[in-house]
Amino acid sequence: MLVGRSVLETHLTASVLIVGGGPCGLMLANELGRRGVSAVLVDEKPGTAFNPQANATQARSMEHYRRLGFADEIRREGLPADYPTDVAYFTRYTGYELARFQLPSSSRAGELIKGLSGSWSAAELPHRVSQKYVEAVLRRHAERLPGIKLNYGHRLISYVEGDDGVVGEIERLEDGHRIQVRADFLVGADGPRSPVRQSLGIVYGGETGTQRDFMGGRMLAVYLRSPDFYASVPHAKAWMYNCFNGDRRAFMASVNGRDEFAFHTQFRPGEDEGAITVNEARAAFQRACGAPIACEVLSFLTWTAGHALVANGMQRGRVFLGGDAAHLFTPTGGLGYNTAIEDAVNLGWKLASAVKGTSPVALLDSYEVERRPVALRNTNYARRFADSLGLFAPALEIEDATDAGSDARRTAGIYLEQHARAEFNIPGVTFGGRYDGSPIVVSDGSLPPPDAANVYVPSACPGGRAPHAWLEDGVSLYDLFGFEWTLLQFGEVASVQAQLGEAARVLGVDVKLVTLPKSLRDLYEADLALIRPDQIVAWRGSAAQAGTLGRVLAQALGHSASGGARLAS
């Protein structure tokens, strides 16, 4: 009986209350649970996503999934291992092919990764997988962690913040039963309409309502099944199918490489989005195909492109914002979901450090300091990609079987091929986000490399991603890092082990010492490098500076920011 169930849980206690069970909330649950920190997650949805939503997992997110131990599981989801991940442009899907940016299949990416250097020197390459599959993996792993309790079909009714924590009132939607949750902190990862953000009086700033010929305005999203699509289209398979003409512009991602697709098109002037039916959703897909290819509409909804928004704050007291609650993207470049994952990674280790008493609560002030500038950067890149695609209009004759039509297709093809390279070959965006100016990054006075979308220059300048390398035995350097803190020494540095051991003991922190060949020293341009739990370089220095490790580690843990009290363990 429901009454019997209601008696079971009326009060819960956890270190963190997470509102929102999408990628950000689930990733945060995994980060906390792996560190032995308890969390209660609530989400109004009955479960993880049914619709495909985001379709591109960037290499940096894959590196974090590798750190947590399930990158291979993520890579097995979505497209078959031998499916090409090309980005292709057509007048219509059965019409003329205009341009194609060829990208490797998942299995081919695994073969290529260890031979890449420079901009793509990484532990992982991108993977084309729909968010619905990623969320399912994140949920499975979070549920296995002690202290993590996931509550789908529940919503946050209200909360009260006090000096020593937050008390939230949760409602079970099935029967209206109320549960009280006491937590040290609350994280709102509850989407673009975030009630948590609104409760804080925080608003979005930036650009919205941008109108473009495409990717600027009201959009129709259709999740569909079409077993005949590949056989009906006279072109090589692709991951992303773009439709480029003056009648029906669209993009469509292959979801499973067999028969499921995520189709998106912009409403044309005069179309009534409120009157869309299953038949009209099907017709929009078939119009983009240029043929009556049969399909089953699994779901459809409307959304708005043209956002480049970032909240004017990501923290108030013990309440934090992450994911779409903190920033809203037009999906060009696939940056929204991946930025949300990095929010969770950044906040996760800091919350754990504060909860365990390793750091003062003041450490948490660095979350907004570090993540908000990256959100501004990434929404700006997404806006530029959307402008590049959406403001380029097709010539009237682009579908004509004439010389003029051929010339129009050639011109469009040159432009779109350049655009595809600019939007989908983005190691600079993927790896180049930095935390310069953060109070917990110990600057050495060096300048970081220029920030560019399509070029990434590995650098150990403190505040950025640790430079990656494949070692002689085929092991990723990242696989040698500790789950918490890591000190790299290039060759044996006298007394560093004793200095590090004493600093770690005094501060109560787990630091792994990794000795690497001196041949790798040039990669970091230092004898020593301190790597944070999120694989960011916190400090680097010479052998002569080994005696400062205690001070450096204390600053990186937030002790220099404030002498405030720690939370009870």
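The shown structure was predicted, so the numbers you read here are calculated from the model rather than taken from an experiment.

**Topic: the overall build of the protein chain**
Part 1 of the reasoning: Looking only at helices and strands, one finds 16 helices and 22 strands in the protein chain.
Part 2 of the reasoning: Since a compact globule built from 569 residues should have a radius of gyration of about 25 Å, the 25 Å found for the protein chain is in line with a globular shape.
Part 3 of the reasoning: Taken along the three principal axes of its C-alpha coordinates, the protein chain extends 75 × 65 × 40 Å.
Part 4 of the reasoning: By residue count, 59% of the 569 residues in the protein chain fall in the buried class.
Part 5 of the reasoning: Separation of charge centres in the protein chain, based on 57 positive and 63 negative side chains, amounts to 2 Å.

**Digging into the packing of aromatic side chains**
Part 1 of the reasoning: Counted according to the given criterion, the structure contains 25 aromatic pairs.
Part 2 of the reasoning: Taking 6.4 Å as the distance between ring centres and 20 degrees as the angle between the ring planes, the aromatic pair formed by Tyr381 and Phe385 counts as stacked. With Tyr381 and Phe385 both in helix H11 (residues 365-390) and 4 residues apart, the pair spans about one turn of that helix.
Part 3 of the reasoning: Residue classification places Tyr381 among the buried positions, given a relative accessible area of 4%.
Part 4 of the reasoning: Over the ring of Phe50 we find Lys132; its NZ or CZ atom is 5.1 Å from the centre of that ring.

**Here we look at the sheet that holds strand E15 (residues 308-311)**
Part 1 of the reasoning: Here we have 3 strands laid out as an open sheet, ordered E9-E15-E18, and antiparallel in their pairing. At either margin of the open sheet sits one strand with a lone partner, and together these are strand E9 (204-207) and strand E18 (327-329). Within the sheet, the average angular offset between the axes of one strand and its neighbour, ignoring direction, is 15 degrees.
Part 2 of the reasoning: In terms of strand pairing, E15 meets E18 through 3 bridges, oriented antiparallel. Counted as the bridge partner of Leu309 is Leu328 from E18.
Part 3 of the reasoning: Here H11 sits on the sheet and contacts E9, E15 and E18; the angle it forms with E15, its principal contact strand, is near 170 degrees.

**Focus: the environment of Trp539**
Part 1 of the reasoning: You can see Trp539 is positioned in strand E22 (residues 537-541).
Part 2 of the reasoning: Placed 78 residues apart in sequence, Trp539 and Cys461 show a C-alpha to C-alpha distance of 8.0 Å.
Part 3 of the reasoning: The contacts of Trp539, once residues within four sequence positions are left out, are Val442, Pro462, Leu487, Leu528, Ala529, Leu530, Gln545, Thr548, Leu549 and Val552.

**A short note on helix H6 (residues 131-143)**
Part 1 of the reasoning: Across its 13 residues, H6 extends 18 Å between first and last C-alpha, which sits within 8% of the 18 Å expected from 1.5 Å per residue.
Part 2 of the reasoning: Three or more residues of H6 are buried, namely Gln131, Lys132, Tyr133, Val134, Glu135, Val137, Leu138, His141 and Ala142.

**Focus on the sheet that holds strand E19 (residues 485-490)**
Part 1 of the reasoning: Strand order in the open sheet formed by 4 strands is E20-E19-E21-E22, and the pairing between neighbours is mixed. With one partner strand each, in any of the chains shown, strand E20 (511-516) and E22 form the two edges of the open sheet. Across the sheet, the mean angle separating the axes of adjacent strands is 15 degrees when strand polarity is ignored.
Part 2 of the reasoning: Judged from the 4 bridges that link them, E19 and strand E21 (residues 528-531) form a sheet pairing that is antiparallel. Within E21, the residue paired with Leu488 across the bridge is Ala529.
Part 3 of the reasoning: Its contacts with the sheet put helix H14 (residues 496-507) on E19, E20 and E21, and the angle it makes with E20 is roughly 165 degrees.

**A look at the pattern of salt bridges**
Part 1 of the reasoning: With the rule as written, the count across this model stands at 44 salt bridges.
Part 2 of the reasoning: The partner of Glu63 in a salt bridge is Arg465, with the nearest N and O atoms 2.9 Å apart. Here Arg465 lies in the loop between helix H13 (427-431) and E19 and Glu63 lies in helix H3 (residues 59-68), a separation of 402 residues in the sequence. Both residues of the pair, Glu63 and Arg465, belong to the buried class.
Part 3 of the reasoning: Residue Glu525 is joined to Arg540 by a salt bridge in which the shortest nitrogen-to-oxygen separation is 3.6 Å. Of the two residues, Glu525 is situated in the loop between helix H15 (521-524) and E21 and Arg540 in strand E22; the sequence distance between them amounts to 15 residues.
Part 4 of the reasoning: Overlapping salt bridges, with partners in common, bring together Arg92, Asp247, Arg248, Arg268, Glu271, Arg287 and Glu399 in one network.

**Structural notes on the side chain of Asp259**
Part 1 of the reasoning: With respect to the helices and strands, Asp259 occurs in the loop between strand E12 (250-254) and strand E13 (260-266).
Part 2 of the reasoning: Polar contacts involving the side chain of Asp259 include one to the side chain of Asn256, which spans 2.9 Å.
Part 3 of the reasoning: Beyond its immediate stretch of four places on either side in the chain, Asp259 contacts Leu224, Arg225, Ser226 and Pro227.

Thresholds applied
Residues numbered from 1 in each chain as written. Predicted model: local features only at pLDDT ≥ 70, side-chain atom pairs only at ≥ 80, totals over all residues. Heavy atoms only, no water. Helix = DSSP H or I, 4+ residues; strand = E, 2+ residues; numbered from the N terminus. Rg over C-alpha atoms; globule rule 2.2 N^0.38 Å. Buried < 20%, exposed > 50% of the residue type's maximum accessible area, 1.4 Å probe, protein only. Lys, Arg positive; Asp, Glu negative; His and termini not counted. Charge placed at Lys NZ, Arg CZ, Asp CG, Glu CD. Phe/Tyr/Trp six-rings, centres within 6.5 Å; stacked < 30°, edge-to-face > 60°. Lys NZ or Arg CZ within 6 Å of the ring centre and 35° of its normal. Pairing = 2+ DSSP bridges. Axes fitted to C-alpha atoms, helices over the stretch in contact; angles between N-to-C directions. Contact = heavy atoms within 4.5 Å. Expected span 1.5 Å × (residues − 1). Salt bridge = Lys/Arg side-chain N within 4 Å of Asp/Glu carboxyl O. Polar contact = N/O pair within 3.5 Å; in protein donor to acceptor, adjacent residues only side chain to side chain.

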